[in-house]
Amino acid sequence: MLKGFSQTQGPKEYVDYVNPYMGNISHLLVPTYPTVHLPNSMLRVYPERADFTSDRLFGLPLIVTSHRGKSAFNLSPMIKLPSDLKPVQLYSYDQEEINPYSYSVQLDQEDIKVDYAVSHQSGMYTFTFPTKSNKYLQFNSHEGKLQWDGQGLSGSQDIGNGTRVYIYAVPESKPVAVSGLKGSKLEKSTEVAGKNACIVLQFDQSGSALRMKYGISFIDVAQAKANLKREIRILTKRN
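This text gives an overview of the structure that appears in the document. Because the structure is a prediction, the values reported are computed rather than measured.

1. Some remarks on the overall build of the protein chain
Then step 1. Looking only at helices and strands, the protein chain has one helix and 17 strands in total.
Then step 2. Against the 2.2 N^0.38 benchmark of 18 Å for 239 residues, the protein chain shows a C-alpha radius of gyration of 17 Å, consistent with a compact globule.
Then step 3. Overall size of the protein chain, expressed as C-alpha extent along the three principal axes, is 50 × 45 × 35 Å.
Then step 4. For the protein chain, the exposed area adds up to about 12000 Å²; of that, 51% sits on carbon and sulfur atoms.
Then step 5. One way to put it: in the protein chain the 27 positive side-chain charges average out to a point 5 Å from where the 22 negative ones average out.

2. With respect to the packing of aromatic side chains
Then step 1. All chains considered together, the criterion is met by five aromatic pairs.
Then step 2. Seen from their ring centres, tyrosine 21 and phenylalanine 52 are 4.9 Å apart, and the 65° between their planes marks the pair as edge-to-face. Here phenylalanine 52 lies in the loop between β2 (44–45) and β3 (57–58) and tyrosine 21 lies in the segment before β1 (36–37), a separation of 31 residues in the sequence.
Then step 3. According to the relative accessible area criterion, tyrosine 21 is partly exposed, its value standing at 23%.
Then step 4. According to the relative accessible area criterion, phenylalanine 52 is partly exposed, its value standing at 41%.
Then step 5. Pairing tyrosine 33 with tyrosine 46 gives two aromatic rings, centres 4.7 Å apart and planes at 15°, and the pair type is stacked. Here tyrosine 33, found in the segment before β1, pairs with tyrosine 46, found in the loop between β2 and β3; they are 13 residues apart in sequence, far enough to count as distant.

3. Structural notes on the pattern of salt bridges
Then step 1. Counted according to the given criterion, the structure contains six salt bridges.
Then step 2. Where arginine 211 meets glutamate 172, a salt bridge forms, and the shortest distance between an N and an O atom there is 3.9 Å. Here arginine 211 is found in strand β17 (residues 209–217), whereas its partner glutamate 172 is found in the loop between β13 (163–171) and β14 (177–182), with 39 residues between them in sequence.
Then step 3. On the basis of relative accessibility, which here comes to 24%, the residue arginine 211 falls in the partly exposed class.
Then step 4. Judged by its relative accessible area of 41%, glutamate 172 is partly exposed.

4. A closer look at the side chain of serine 217
Then step 1. For serine 217, the location among the structural elements is in strand β17.
Then step 2. Classification of serine 217 as buried rests on a relative accessible area of 2%.
Then step 3. At 2.8 Å, the side chain of serine 217 forms a polar contact with the backbone nitrogen of isoleucine 219.

5. With respect to a nonpolar patch on the surface
Then step 1. A cluster of nonpolar side chains, namely Met42, Ile159 and Phe218, defines an oily patch on the protein surface of about 220 Å² accessible area.
Then step 2. By the element assignment, phenylalanine 218 lies in the loop between β17 and α1 (221–238).
Then step 3. On the basis of relative accessibility, which here comes to 34%, the residue phenylalanine 218 falls in the partly exposed class.

6. Quick notes on the environment of isoleucine 219
Then step 1. On the secondary structure map, isoleucine 219 appears in the loop between β17 and α1.
Then step 2. Remark: the alpha-carbon pair of isoleucine 219 and threonine 163, spanning 56 residues in sequence, is separated by 9.4 Å.

7. Notes on the nonpolar core
Then step 1. Core analysis: the largest hydrophobic core is formed by 49 residues, its most contacted members being Tyr125, Phe139 and Tyr214.
Then step 2. Looking at this core, the element that brings in the most residues is strand β16 (residues 191–203), giving seven residues.
Then step 3. In this structure, tyrosine 125 is in contact with Leu60, Pro61, Leu62, Leu75, Val114, Asp115, Tyr116, Leu210, Arg211, Met212 and Tyr214, ignoring residues within four places of it in sequence.

8. Overview of the pairing of strand β8 (residues 102–107)
Then step 1. Among the six residues in β8, six count as buried, and that is most of the element.
Then step 2. Along β8, one buried face is formed by Ser102, Ser104 and Gln106 and the opposite face, lined by Tyr103, Val105 and Leu107, is buried too.
Then step 3. Pairing analysis gives five bridges linking strand β7 (residues 93–99) to β8, with the strands arranged antiparallel. In the sheet register, tyrosine 93 faces β8, and the bridge partner there is leucine 107.
Then step 4. From the end of β7 to the start of β8, which pair antiparallel, there are two residues.
Then step 5. The antiparallel pairing of β8 with strand β9 (residues 112–118) creates a hairpin that spans four residues between the two strands, and aspartate 111 there sits at a positive phi of about 55°.

Calculation rules
- Residues numbered from 1 in each chain as written.
- Predicted model: local features only at pLDDT ≥ 70, side-chain atom pairs only at ≥ 80, totals over all residues.
- Heavy atoms only, no water.
- Helix = DSSP H or I, 4+ residues; strand = E, 2+ residues; numbered from the N terminus.
- Rg over C-alpha atoms; globule rule 2.2 N^0.38 Å.
- Areas by Shrake-Rupley, 256 points an atom, 1.4 Å probe, with all protein chains shown as cover.
- Lys, Arg positive; Asp, Glu negative; His and termini not counted.
- Charge placed at Lys NZ, Arg CZ, Asp CG, Glu CD.
- Phe/Tyr/Trp six-rings, centres within 6.5 Å; stacked < 30°, edge-to-face > 60°.
- Buried < 20%, exposed > 50% of the residue type's maximum accessible area, 1.4 Å probe, protein only.
- Salt bridge = Lys/Arg side-chain N within 4 Å of Asp/Glu carboxyl O.
- Polar contact = N/O pair within 3.5 Å; in protein donor to acceptor, adjacent residues only side chain to side chain.
- Patch = residues over 30% accessible without salt bridge, like charges linked within 9 Å, V, L, I, M, F, W, Y side chains within 5 Å.
- Core = buried A, V, L, I, M, F, W, Y, C linked by side-chain atoms within 4.5 Å.
- Contact = heavy atoms within 4.5 Å.
- Pairing = 2+ DSSP bridges.

Printed below as a string of structure tokens:
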């Protein structure tokens, strides 16, 4: 049985001896990447960076669609918005821990603790913010569209060869504001499309933690939503 984010150190299982960092530095070829991926499952993620020596993360991944490809979507949590907002944030990081079934990291500049749990076609991020003030989740599609429907965020991205990947993400609390990125400025909008389509959700909740669950599909948004609904209990147990 796979373990979640338990702080209690129990007996190790075979999967705990897997070292995802093996081959993460390559002198000649493209390195391997520390992948979070359950056996025979569709969803997999890994930190988006050149290799293990890189000191910056290019946002947080939502799905990786090929062995050497980039993330189809990026997610960037923030406690304040920079004056020159980019579609994806660069983070310095520390205390990274990667297992085949989970990922955790500390985003230094924002002082945000990130925990991630994966299932077969869905995943869950838990963000622990340093304060109880405003919180922001920035979603980016490199080439596609994003839309907030009042309950969740749907999106698609073209990954080449006539193929699209779809996502449906649901935060545990509703945002107080939804904005689209136009250039480097935010405008009130619930739908964006095109290159680096970007939506920012603003939250104003009392607690310091915020969870966000999502499902993925290569069929359509409805199937991504159905995948999330089917696996949501599994994700909650692992987180």
